[in-house]
Amino acid sequence: MNSASSRSLRGSSLRVGNKAHFAWSGVNFTLSPKTVAKSHKDPRVLKNLSGVAHPGEVIAIMGASGSGKTSLLNVLSGRIMSMNGHVVTSKFSINGNAIHADQLGPNIAYVTQEDTLCPTATPREALEFSARLRLPSSVSREERERMVEDVIQILHLEKCADTMIGNELIKGISGGEKRRTSIGVELITSPSILFLDEPTSGLDSYAAFNVVNALKDLASLGCTVLCTIHQPSSEVFHLFDRVLLLADGRTFFDGRVDHMAQYLLTCGYPVPPETNPADHVMFLMQTLDKQVLQGISDQFEVARKGFNPHAQAQSEAGRGGMPLHKLKRSQAPWTVQFIALGKRDIQSVLRDTGSLKARYGSTIMLTLIFSLIFYKIGDSTDTQSHFGALANLAISGMFGASQPVILLFPSERPRFLREYATGTYGAIPYFWSKLVTELPLTFSTSIITFLVAYWLEALKGNFILHVLTLWLIGMAASSTALVAGCIASNVQVAMQAAPAIFVPQILFAGFFIKIQQIPVWIRWAQYLCSLKFGINLFLLNEFNLGCPESSSQHASCMSVITQNDIKPGDWWVYGLVLIGIFVFFRSLALILLMRRAKGFALA
Ligand SMILES: Nc1ncnc2c1ncn2[C@@H]1O[C@H](COP(=O)(O)OP(=O)(O)OP(=O)(O)O)[C@@H](O)[C@H]1O
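In this report, we go over the structure that sits alongside the text. (Residues numbered from 1 in each chain as written. Predicted model: local features only at pLDDT ≥ 70, side-chain atom pairs only at ≥ 80, totals over all residues. Heavy atoms only, no water.)

A few points about the overall build of the protein chain
Then comes step 1: Within the protein chain, the secondary structure is distributed over 22 helices and 10 strands.
Then comes step 2: Taking the principal axes of its C-alpha atoms as reference, the protein chain extends roughly 100 × 55 × 40 Å.
Then comes step 3: When burial is assessed residue by residue, the protein chain has 55% of its 603 residues classed as buried.
Then comes step 4: Look at the contacts in the protein chain between residues 6 or more apart in sequence, and 78% of them connect residues 24 or more apart.
Then comes step 5: Per element, the accessible surface of the protein chain, about 25,900 Å² overall, is 61% carbon and sulfur.
Then comes step 6: For the protein chain, the distance from the average position of its 53 positive side-chain charges to the average position of its 44 negative side-chain charges is 5 Å. (Helix = DSSP H or I, 4+ residues; strand = E, 2+ residues; numbered from the N terminus. Buried < 20%, exposed > 50% of the residue type's maximum accessible area, 1.4 Å probe, protein only. Contact = heavy atoms within 4.5 Å. Areas by Shrake-Rupley, 256 points an atom, 1.4 Å probe, with all protein chains shown as cover. Lys, Arg positive; Asp, Glu negative; His and termini not counted. Charge placed at Lys NZ, Arg CZ, Asp CG, Glu CD.)

Structural notes on the packing of aromatic side chains
Then comes step 1: Tallying each qualifying case throughout the model produces 21 aromatic pairs.
Then comes step 2: Their ring planes at 5° and their centres at 5.8 Å tell us that Y425 and Y430 sit as a pair that is stacked.
Then comes step 3: A residue is classified by how much of its surface remains accessible, and Y430, at 2% relative accessible area, is buried.
Then comes step 4: Each ring, one from Y430 and one from F431, has its centre 6.0 Å from the other, and the planes form 70°; the classification is edge-to-face.
Then comes step 5: Aromatic rings pair up to connect F129, F416, Y420, Y425, Y430 and F431 into one cluster.
Then comes step 6: Here the basic side chain of R79 rests over the ring of Y110, its NZ or CZ set 3.9 Å away from the ring centre.
Then comes step 7: Across from the ring centre of F129, 4.1 Å away, lies the NZ or CZ of R344, which sits over that ring. (Phe/Tyr/Trp six-rings, centres within 6.5 Å; stacked < 30°, edge-to-face > 60°. Lys NZ or Arg CZ within 6 Å of the ring centre and 35° of its normal.)

What about the sheet that holds strand β8 (residues 224-228)?
Then comes step 1: Pairing is mixed in the open sheet, where six strands are placed in the order β6-β7-β8-β3-β9-β10. Because the sheet does not close on itself, it has two edges, and the strands there are β6 (108-111) and β10 (250-256). The average undirected angle you get between the axes of adjacent strands in this sheet is 15°. (Pairing = 2+ DSSP bridges. Axes fitted to C-alpha atoms, helices over the stretch in contact; angles between N-to-C directions.)

Examining the sheet that holds strand β5 (residues 97-99)
The strands making up a sheet are joined through hydrogen bonds of the backbone, oriented either antiparallel or parallel.
Then comes step 1: With respect to topology, four strands assemble into an open sheet ordered β2-β1-β4-β5, the strand pairing being antiparallel. Across the chains shown, the open sheet's two edge strands, defined by having one partner strand only, are β2 (44-53) and β5. On average, each strand axis in the sheet is inclined to that of its neighbour by 10°, with strand direction left out of account.
Then comes step 2: Looking at chain direction, strand β4 (residues 87-94) and β5 are connected through three bridges and run antiparallel. Bridge assignment links S93 to a residue of β5, and that residue is A98.

Pasting the structure below:
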């Protein structure tokens, strides 16, 4: 880092873990026939690549757009594995010890091209979160706080350290500040190996210089750094130790930055005087004929015949490398993960005041409108409308609880996948923390609903039981929505899928058609519909508990119960089915998400 303008890592509290000589060979990535049929592109994205990265080095991966830079970084970090018809072959070693692709994730810190930070946290909180969950427990709280301050200074985040990060809906810090925060989140973990995908995109040349300089300082502490970069300025380019040029998924050149010009000269493409060599080589790779590029890659491979990256890594590791098991990065205990996640989730809910106001505001408004329509319906003798009022509350409770999950979860998923892949936390604490924030939110909207509706609609059942039933309906519906959010590729798809999941629930609720009239072959589907069982509990509370034998309306009350095939003694069965639906869909969502996290760069 520019010593005149910023603080050096060497004087900071950041320390790098054990040194890692990382080698790879036979790296091939072939797209699935289905993908190729759709896009008509060359299925072979990466073609038999091999290389080695040593501690203390910052390696730039460069190449034309689509040459395979991000794919290489993703394969090297274990984020792309053979799945969904895509085929990946590779051999990896760290310090000469063979390592399987699915062991790489927790050993490698990865800064992705997209910033997937928590929008309601500040850069300081994002750094604290990462430090709390990813640094060994031997690092004291004071040390962690010092490291956070150091990273803030190193990446020039002082001005925005306590401003919300933000997103499209919440005004927050600038794109460049987000980029630097994302880098800081990884930097603070003192990684042995750090990968960065386009760390300077969106930054001005001075900020880009500062970022690469910080990487260089990190490398000088013993970190192995690999990053993709698009069009570095001459100053930035000369900060790198080595450059790995990719053309069409093949190695065009791999060597020291100061050897590249000589190599290009031997290929017949000398760097013109006064020209940034990075600009020159990028221009060549984008304009040279495919055959010519292939010829140069062939030539490079011939010149490197016999190159054994693993042997090289092993021999270098002999001079200071650590055994593999000592490299594994630590993960905080589940309780710590759960508390940190829960705190962040609660903070998110409280700080996203727009969503909070929309949630409570729309609950109050809608319930008020419904209550005016069904005004004092409980006092009338029209049991069908009375039933309608309850069904309506159940339906709005179902949509009210599922809508925020459908809207929020798909946009939050990339963050989960990044944090999960880097070993920040496990899927189970993540799910528990989500649950713990959702439970009181859904409970509070259930109370608000009945505070508005109970007296206006003159309902007769037990108030608390009505609230608890609506709470159960809401939690079961949000679990179903979570599954949709896990499957859908984005918010739009999830929104479009929502009616297909929730509208059939209304049909099974017994309002439009009695369950006995539904064809037997599809009747089983009622057990997946939380709404039906929620309405059963509402009706039992309202027309059984709330309508005693002494009441003049007892007979008509009982006819509502019998017509809907509800058995008063089975109230606990209905409750259990609701809980079962809730547990089933939550578990399904957890499994789907964990499956998706495996090789998620393909998802
Ligand atoms: N999962 C995938 N499905 C379809 N095509 C893919 C997939 N992964 C990679 N590709 C294709 O492989 C090629 C290389 O992609 P990659 O993102 O690695 O390139 P890149 O060099 O990083 O490009 P850029 O500089 O534009 O980010 C591209 O043509 C891309 O469309």
